[in-house]
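# Reading the structure
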Amino acid sequence: MEITARAPGKIILAGEHAVVHGYAAVASSINLYTVVSLRLGSEDEDTIQLQLNDVGLDFSWPVERIKELLSHLGSPFSSTPTLCSLETVKSISTLIDDQNFPDTKVGLASGVCAFLWLYTSILGFKPATVIVTSELPVGAGLGSSAAYCVALSAALLAFSDSVNLDVSQKGWLIFKETDIELLNRWALEGEKIIHGKPSGVDNSVSTFGNMIKFKSGDMARINSNMPLRVLITNTKVGRDTKALVANVSARKSRHPNAMCSVLNAIEAISDEWSAIIQSHAVDDLAENEERLGELMEMNQGLLLSIGVSHASIETVLQTTMKYKLASKLTGAGGGGCVLTLLPTQLSGAVVDKVVEELESYGFQCFTAGIGGKGVQISFETSS
Ligand SMILES: Nc1ncnc2c1ncn2[C@@H]1O[C@H](COP(=O)(O)OP(=O)(O)OP(=O)(O)O)[C@@H](O)[C@H]1O
Ligand SMILES: C[C@@](O)(CCO)CC(=O)[O-]
Ligand SMILES: [Mg+2]
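Residues numbered from 1 in each chain as written. Chains lettered and ligands numbered in written order. Predicted model: local features only at pLDDT ≥ 70, side-chain atom pairs only at ≥ 80, totals over all residues. Heavy atoms only, no water.

### Remarks on the packing of aromatic side chains
Going through the model one piece at a time under the given rule, you end up with seven aromatic pairs. With 6.3 Å between their ring centres and 20° between their planes, Trp-61 and Phe-115 make a pair best called stacked. With Trp-61 in strand β4 (residues 57-62) and Phe-115 in helix α3 (residues 109-123), this residue pair connects regions lying 54 residues apart in the sequence. Like Phe-115, Trp-61 is buried. Judged by centre distance (6.0 Å) and plane angle (55°), the ring pair of Phe-77 and Trp-117 falls under tilted. Pair noted here: Phe-77 is in the loop between α1 (63-70) and α2 (86-97) and Trp-117 is in helix α3, with a separation of 40 residues, a long-range link. (Phe/Tyr/Trp six-rings, centres within 6.5 Å; stacked < 30°, edge-to-face > 60°. Helix = DSSP H or I, 4+ residues; strand = E, 2+ residues; numbered from the N terminus. Buried < 20%, exposed > 50% of the residue type's maximum accessible area, 1.4 Å probe, protein only.)

Right under this line is the structure:
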C-alpha cells in the first residue's frame, strides 16, 4: 500500500526571529506543498530508500546497517515524540557518510538526518521507499523544512499503530484532532534537527493551516476579515535558517537590553497585525491596508537591526518603494524571499511593472493563495 502526504509552506507576516525568543508572530499557510509518498517494502526488500527529487539526492540503506547503529534505542516509539540526542545524530551521520554524501550538498545532510530519525522512531526498521517532491523553493524562507518534516511525519504516522485512519476513504483526508497534535510534535522534533532551535511556528502553521498567531509554543487561530494579497519575491540568495537563528541569539547575548527592546517592538507589530486583519471594519479597507504596509516597513527595519537582512533584500525593498509598496523579508532572512503587500486598489499594470523590474535583477516573483488547509493524506496511488 502507498500513502501520500502533503503539507503546505508558509509566510511569516510579522514576528520572525522574535518568536524564537518567546515573542508573538503571525504566520499563514500558502498553497504550495511538499509531497511525500511512502510505499512499504522496497524493490530491494531489505532497504530503506529515500529519493529527494528537488535536490537530486537518492539514498538506499540496508535495514541491517540501520539496525546496527540505532536498534539500541528501542524504536519504534511512534506515540512518544522524542528529541534526537547528539549521540544519535552522530550515529545517523555515520549512516549518511556510508552513502558518500556529495560535498557540494552538505547543507542538506540535516534534512536526511531528520528523515532517518523520524523514520526509525515512528516505523522502526521496516523496508520502504520514500519519495519527496516540493513546489516550495528549498531554503528560501517559505518553510520548506517544516513542510518536509510535517509531510514526512504524516506519511509515517499513517502507517504506525498510533493513529486511526479510514483507509477506504477517497481523496485528501485530514487527521483527527489528537492525532494531528502528535504529528505536529514529531514534526517539531524533525525541525530541531534542521534548525537547532525552532520556535514551532513553521511546523504548526504547516500542520494546522490557515492564519495563526504563535507565542511560546501556543497557537491561536486568526480569522482574517481582510482580503490579503502579497507578491513573493525569491531573491534566490541561499541561506540557512539554523545559522541565522544562531546569529540572532549571539547578538542578543552581546546586547541583551537593546535586543529585548527590539524584540518587544516586533511583538507589538505582530499584535497590531493580528488586530487589524481580524477587524470587522470593512469600510476602512484602504486605511487598514495602509496600516499593514506601515507595520511591514517597521518590521523590516527591526529585522535589519537584528542582522538578518541582505543586500538582495534591500534591492527588493528599494525597488518596491519606488512604487510606494511596502515590503519585508519573510522567514529567516539573509536572502530567500521577500513579501510585498499588494493593496486591493493596485492596478494589474503596476504589479506587472514591479514584477518586470524585480525580475530584471534575476529575482523570481510569484503569488500564492494564503491561508489554506494544513497537512493532508491520501491512500490513493499518486500518478
Ligand atoms: N523538498 C526537500 N527535499 C529535501 N530536503 C528538504 C526539502 N525541503 C526542505 N529540506 C531540508 O530543509 C532545509 C532547508 O531548511 P531551512 O529552514 O534552512 O529553510 P526554509 O525552511 O525553506 O526557510 P525558513 O525556515 O526561513 O522558512 C534543507 O537544507 C533540507 O535539509
Ligand atoms: C526565523 C524563524 O523565526 C522563522 C523561520 O521561518 C525561526 C523559527 O521561528 O523557528
Ligand atoms: Mg525552515
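What follows picks up the thread again.
### With respect to the site of ligand 2
By nearness alone, 14 residues border ligand 2, and Lys-10, His-17, Pro-198, Ser-199 and Asp-202 come closest of all. A distance of 2.6 Å separates an oxygen atom of ligand 2 from a polar side-chain atom of Lys-10. A distance of 2.6 Å separates an oxygen atom of ligand 2 from a polar atom in the side chain of Asp-202. Compared with its free state, where it exposes 300 Å², ligand 2 has 98% of that area covered by protein. Looking at the shell around ligand 2, the elements with two or more residues in it are β1 (2-14) and α6 (201-208). (Near = heavy atom within 4 Å. Polar contact = N/O pair within 3.5 Å; in protein donor to acceptor, adjacent residues only side chain to side chain. Areas by Shrake-Rupley, 256 points an atom, 1.4 Å probe, with all protein chains shown as cover.)

### Points about helix α7 (residues 241-254)
In an α-helix, one turn spans 3.6 residues, which is why side chains three or four residues apart end up on the same side. Here α7 is 14 residues long and its end C-alpha atoms lie 20 Å apart, about the 20 Å a rise of 1.5 Å per residue gives. Lining the buried residues of α7 we find α5 (177-195) and α8 (256-278). For α7, the side-chain oxygen to backbone nitrogen distance between the N-cap and Lys-242 is 3.1 Å, and the N-cap itself is Asp-240. (Expected span 1.5 Å × (residues − 1). Contact = heavy atoms within 4.5 Å.)

### Observations concerning the nonpolar core
Counting residues in hydrophobic clusters, the biggest one holds 119 residues, and the most contacted among them are Leu-38, Phe-115 and Trp-273. The residues contacting Phe-115, other than those within four sequence positions of it, are Ile-48, Leu-50, Trp-61, Val-130, Tyr-148 and Leu-152. Counting residues in each nonpolar core, the second largest holds eight residues, with Ala-25, Val-205, Ile-212 and Phe-214 among its members. (Core = buried A, V, L, I, M, F, W, Y, C linked by side-chain atoms within 4.5 Å.)

### Quick word on the domain arrangement of the protein chain
Per the domain assignment, the segments making up the protein chain are domain 1 (2-220 + 371-378) and domain 2 (224-366). Centre-to-centre, using C-alpha coordinates, domain 1 lies 27 Å away from domain 2. Taken residue by residue, the interface counts 30 residues in domain 1 and 37 residues in domain 2. Between domain 1 and domain 2, roughly 2,600 Å² of surface is buried when both sides are summed, and carbon and sulfur atoms account for 65% of that area. Counting the surface domain 1 buries against domain 2, the share from its top three residues, Leu-13, His-17 and Tyr-23, is 25%. Lys-213 is paired through a salt bridge with Asp-271; the nearest N and O atoms lie 2.8 Å apart. At the level of secondary structure, the elements contributing two or more residues to the side of domain 1 that touches domain 2 comprise β1, β2 (25-40), α5 and β6 (211-215). Among the elements that line the side of domain 1 that touches domain 2, the one with the most residues is β1, at five residues. Its residues placed into classes, the side of domain 1 that touches domain 2 shows 17 nonpolar, eight polar and five charged. (Domains from an automatic or database assignment. Buried area = accessible area lost by both parts, 1.4 Å probe. Salt bridge = Lys/Arg side-chain N within 4 Å of Asp/Glu carboxyl O. Nonpolar A, V, L, I, M, F, W, Y, C, P; charged D, E, K, R; others polar.)

### So, the sheet that holds strand β10 (residues 337-341)
Spatial ordering of the open sheet is given by β9-β10-β8-β11, a layout of four strands whose pairing is antiparallel. Whereas interior strands pair on both sides, the edge strands pair on one side only; in this sheet they are β9 (327-329) and β11 (364-366). Direction aside, neighbouring strands of the sheet carry axes that sit 25° apart on average. One ladder, built from three bridges, connects β9 with β10; its direction is antiparallel. Within β10, the residue paired with Lys-328 across the bridge is Leu-339. (Pairing = 2+ DSSP bridges. Axes fitted to C-alpha atoms, helices over the stretch in contact; angles between N-to-C directions.)

### Quick notes on the site of ligand 1
Not every one of the 26 residues close to ligand 1 is listed here, only the nearest: Lys-10, Gly-143, Ser-144, His-195 and Arg-239. Ala-332 places a polar main-chain atom, nitrogen or oxygen, 3.0 Å from an oxygen atom of ligand 1. When the free accessible area of ligand 1 is taken as 640 Å², the share hidden by the protein chains comes to 96%. Mapped by element, the contributors of at least two residues to the shell around ligand 1 are β5 (128-134), α4 (144-158) and α5.

### Quick word on the packing of α3 against α4
Where α3 contacts α4, the axes come no closer than 10 Å and their chain directions differ by 25°. Taken together, α3 and α4 sit at an angle that is classed as roughly parallel. As α3 runs across α4, the sense of the crossing is right-handed. Residues Gly-111, Val-112, Phe-115, Leu-118, Tyr-119, Ile-122 and Leu-123 of α3 pack against Tyr-148, Cys-149, Leu-152, Ser-153, Leu-156 and Leu-157 of α4. Considering only residue class, the contact of α3 with α4 consists of eleven nonpolar, two polar and no charged. (Parallel < 35°, antiparallel > 145°, perpendicular 65-115°, else oblique. Left-handed = near helix turned anticlockwise from the far one by under 90°.)

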